[in-house]
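Each chain, letter by letter, is given below.
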Amino acid sequence: MTDLTSMQSEAIARIEAADDAAALEALRVEFLGKQGSVSALLKTLGKMTPEERQSEGPKIQALRAAVSDALTTRREALEAEELEARLASETLDLSLPAPDAPRGSVHPVSQVMDELAEIFADLGFTVATGPEVEDDWHNFTALNMDENHPARAMHDTFYFPESDNDADGNRMLLRTHTSPVQIRSMVVQGAPIRLIAPGRVYRSDSDATHTPMFHQVEGLVIDKDIHLGHLKWTLETFLKAYFERDDIVLRLRPSYFPFTEPSVEVDVGYAKEGGRRVVGGSGDDPGHEWMELLGSGMVNARVLEHAGLDPKEWQGFAFGVGVDRLAMLKYGMDDLRAFFDGDARWLSHYGFSPFDQPTLSAGVGAAS
């Protein structure tokens, strides 16, 4: 018992004296690693008699717990000290006069929105907007999504309380896509119509590639005698202009979306260069792969009917893609959550000058 007590005292003293995380990790391995001194004591329990194990086991376990607690406490203290040092070194004196040269920059999402608007304006598209607080009919029903569709589930959609239902009894929610803008535009403008609908959308999801709020752009073309060939040409032209490459190769795969029929997933060829994905070439080429980029298809006849259009007279296509994902691919970003952290260092690195506006003549990414 005396040996265990002195061993514990020595271990805790060394842990409390650790200067940094590396030294603390070395002590953790020394005591609790596979070959550590405390771990070696635990291994001796198997060779003891039941009586010895009953007597010595709790003592050894208490030693292990004490060492583990000391490591945790010291680690938290070191992290707190590091944070305090960072906060002290990264101060911002708001009482200082403004700098001679403005230091603000354009957020990558805003930059990509401008790039998309420039590209599609050249193709004859207008930019349409709609409410972010939407009703169930425009967000789901008018888009041919039945009552049991998974997207309507509470764990996917941010609903408002039923007490906030609109005058027609429709449930209110934060829109899950910008497709309701298509419905509202068709009802108001009729056909023909050619538009893109960029904006914020909301879904209950969060990880490195998903956030509860993100940005999406959807496109819609309604006219006479529209077919999938027009859709493919539009997407190829858009992606070639956006990535500023002529070797963009698309692959259309049959899929299913309630609001389009037929529906296609659009894959784009890419290669890995320097640890990042670089769009270009065919996914069937050596060293290249296919990556799913967006969903699209011919507008479902029932959607046209909900918008007050005759599907026997009018046809069209629609597509949707994440704006944040386009920014990540083009500008080499690897974590979607950083878009919304508001970290001045990230914005300084990835931000764009407000004086460099995207233009097709100069290249939409000239500001990069």
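Above this note sits the structure.
Attention here is on the structure that accompanies the text. Because the structure is predicted, anything quoted here is derived from the model rather than measured. (Residues numbered from 1 in each chain as written. Predicted model: local features only at pLDDT ≥ 70, side-chain atom pairs only at ≥ 80, totals over all residues. Heavy atoms only, no water.)

1. Remarks on empty space enclosed by the protein
Part 1 of the reasoning: With the rule as written, the count across this model stands at 1 cavity of 30 Å³ or more.
Part 2 of the reasoning: Taken as a whole, the largest cavity spans an internal volume of roughly 50 Å³.
Part 3 of the reasoning: Leu 143, Ser 179, Gln 182, Phe 259, Thr 260, Val 299, Val 303 and Ala 318 together form the lining of the largest cavity.
Part 4 of the reasoning: Looking at the lining of the largest cavity residue by residue, the class counts come to 5 nonpolar, 3 polar and no charged. (1 Å grid on protein atoms, 1.4 Å probe; cavity = no way out; pocket = protein on both sides within 12 Å on 5 of 7 lines; lining within 4 Å. Points joined across faces, edges and corners; volume = space filled by probe spheres on them. Nonpolar A, V, L, I, M, F, W, Y, C, P; charged D, E, K, R; others polar.)

2. Details of the packing of helix 8 (residues 228-243) against helix 10 (residues 323-331)
Part 1 of the reasoning: Helix 10 packs onto helix 8 with a crossing angle of 50° between their chain directions and a minimal axis gap of 11 Å. Classified by the angle their axes make, helix 8 and helix 10 are oblique. Contact residues: helix 8 offers Phe 238, Tyr 242 and Phe 243, while helix 10 offers Leu 326, Ala 327, Leu 329 and Lys 330.
Part 2 of the reasoning: Its residues assigned to classes, the contact of helix 8 with helix 10 shows 6 nonpolar, no polar and 1 charged. (Axes fitted to C-alpha atoms, helices over the stretch in contact; angles between N-to-C directions. Helix = DSSP H or I, 4+ residues; strand = E, 2+ residues; numbered from the N terminus. Parallel < 35°, antiparallel > 145°, perpendicular 65-115°, else oblique. Contact = heavy atoms within 4.5 Å.)

3. Examining the nonpolar core
Part 1 of the reasoning: Counting residues in hydrophobic clusters, the biggest one holds 46 residues, and the most contacted among them are Val 112, Leu 116, Phe 238, Tyr 242, Phe 243, Leu 326 and Phe 339.
Part 2 of the reasoning: Of all the secondary-structure elements, those providing two or more residues to this core are helix 5 (108-122), strand 5 (213-223), helix 8, strand 7 (260-273), strand 9 (288-299), strand 10 (315-322) and helix 10.
Part 3 of the reasoning: Those residues in contact with Leu 326, other than ones at most four positions away along the chain, are Val 112, Leu 116, Phe 238, Tyr 242, Phe 243, Leu 293 and Val 321.
Part 4 of the reasoning: Formed by 22 residues, the second largest nonpolar core is a distinct cluster that contains Ala 128, Leu 143, Ile 193 and Val 299. (Core = buried A, V, L, I, M, F, W, Y, C linked by side-chain atoms within 4.5 Å. Buried < 20%, exposed > 50% of the residue type's maximum accessible area, 1.4 Å probe, protein only.)

4. Focus: the packing of helix 5 against helix 10
Part 1 of the reasoning: For the pair helix 5 and helix 10, the least separation of the axes is 9 Å and the interaxial angle reads 95°. When the axes of helix 5 and helix 10 are compared, the pair comes out roughly perpendicular. When helix 5 is examined against helix 10, the residues Val 109, Val 112, Met 113, Glu 115 and Leu 116 are found in contact with a partner set consisting of Val 323, Asp 324, Leu 326, Ala 327, Lys 330 and Tyr 331.
Part 2 of the reasoning: Residue composition of the contact of helix 5 with helix 10, by class: 8 nonpolar, no polar and 3 charged.

5. Brief notes about the pairing of strand 8 (residues 276-279)
Part 1 of the reasoning: Pairing of strand 7 with strand 8, which is carried by 4 bridges, proceeds in the antiparallel orientation. Note on strand 8: the bridge partner recorded for Tyr 270 is Val 279.
Part 2 of the reasoning: In this structure, the hairpin formed by strand 7 and strand 8 is closed by a connection of 2 residues, where Gly 274 is found at a positive phi of approximately 60°. (Pairing = 2+ DSSP bridges.)

6. Some thoughts on the packing of aromatic side chains
Part 1 of the reasoning: Inspection of the entire model under this criterion finds 10 aromatic pairs.
Part 2 of the reasoning: Summarising the aromatic geometry, the rings of Phe 120 and Phe 238 are spaced 4.9 Å apart at their centres and angled 35° between planes, so their arrangement reads as tilted. Of this pair, Phe 120 sits in helix 5 while Phe 238 sits in helix 8, placing them 118 residues apart in sequence.
Part 3 of the reasoning: What makes Phe 238 buried here is its relative accessible area of 1%.
Part 4 of the reasoning: On the basis of an interplanar angle of 50° and a centroid distance of 5.1 Å, the ring pair of Trp 346 and Tyr 350 is categorised as tilted. Of this pair, Trp 346 and Tyr 350 both sit in helix 11 (residues 344-350), 4 residues apart, which is roughly one turn of that helix.
Part 5 of the reasoning: Among the aromatic residues, those joined into a cluster by ring pairs are Phe 120, Phe 125, Phe 238, Tyr 242, Phe 243 and Phe 319.
Part 6 of the reasoning: Stacked on the ring of Trp 314, the Lys or Arg Lys 224 has its end atom at 5.2 Å from the ring centre.
Part 7 of the reasoning: Across from the ring centre of Tyr 242, 4.4 Å away, lies the NZ or CZ of Lys 330, which sits over that ring. (Phe/Tyr/Trp six-rings, centres within 6.5 Å; stacked < 30°, edge-to-face > 60°. Lys NZ or Arg CZ within 6 Å of the ring centre and 35° of its normal.)

7. Some remarks on the side chain of Thr 234
Part 1 of the reasoning: You can see Thr 234 is positioned in helix 8.
Part 2 of the reasoning: What makes Thr 234 buried here is its relative accessible area of 6%.
Part 3 of the reasoning: Once you skip the residues sitting within four places of it in the chain, Thr 234 turns out to touch Phe 120, Leu 123, Phe 125 and Phe 317.

8. Digging into helix 8
Part 1 of the reasoning: Here helix 8 is 16 residues long and its end C-alpha atoms lie 22 Å apart, about the 22 Å a rise of 1.5 Å per residue gives.
Part 2 of the reasoning: All buried positions along helix 8 are accounted for by Leu 231, Thr 234, Leu 235, Phe 238, Leu 239, Tyr 242 and Phe 243. Viewed along the axis of helix 8, the buried residues span an arc of 135°, placing them on a single side of the element.
Part 3 of the reasoning: Two residues or fewer past helix 8, Glu 244 is found with a positive phi of approximately 55°. (Expected span 1.5 Å × (residues − 1). Arc of directions from axis to C-beta.)

9. Thoughts on the environment of Pro 254
Part 1 of the reasoning: Looking at the element boundaries, Pro 254 is found in strand 6 (residues 250-257).
Part 2 of the reasoning: Put simply, Pro 254 and Val 264 are 10 residues apart on the chain and 4.5 Å apart in space, counted from C-alpha to C-alpha.

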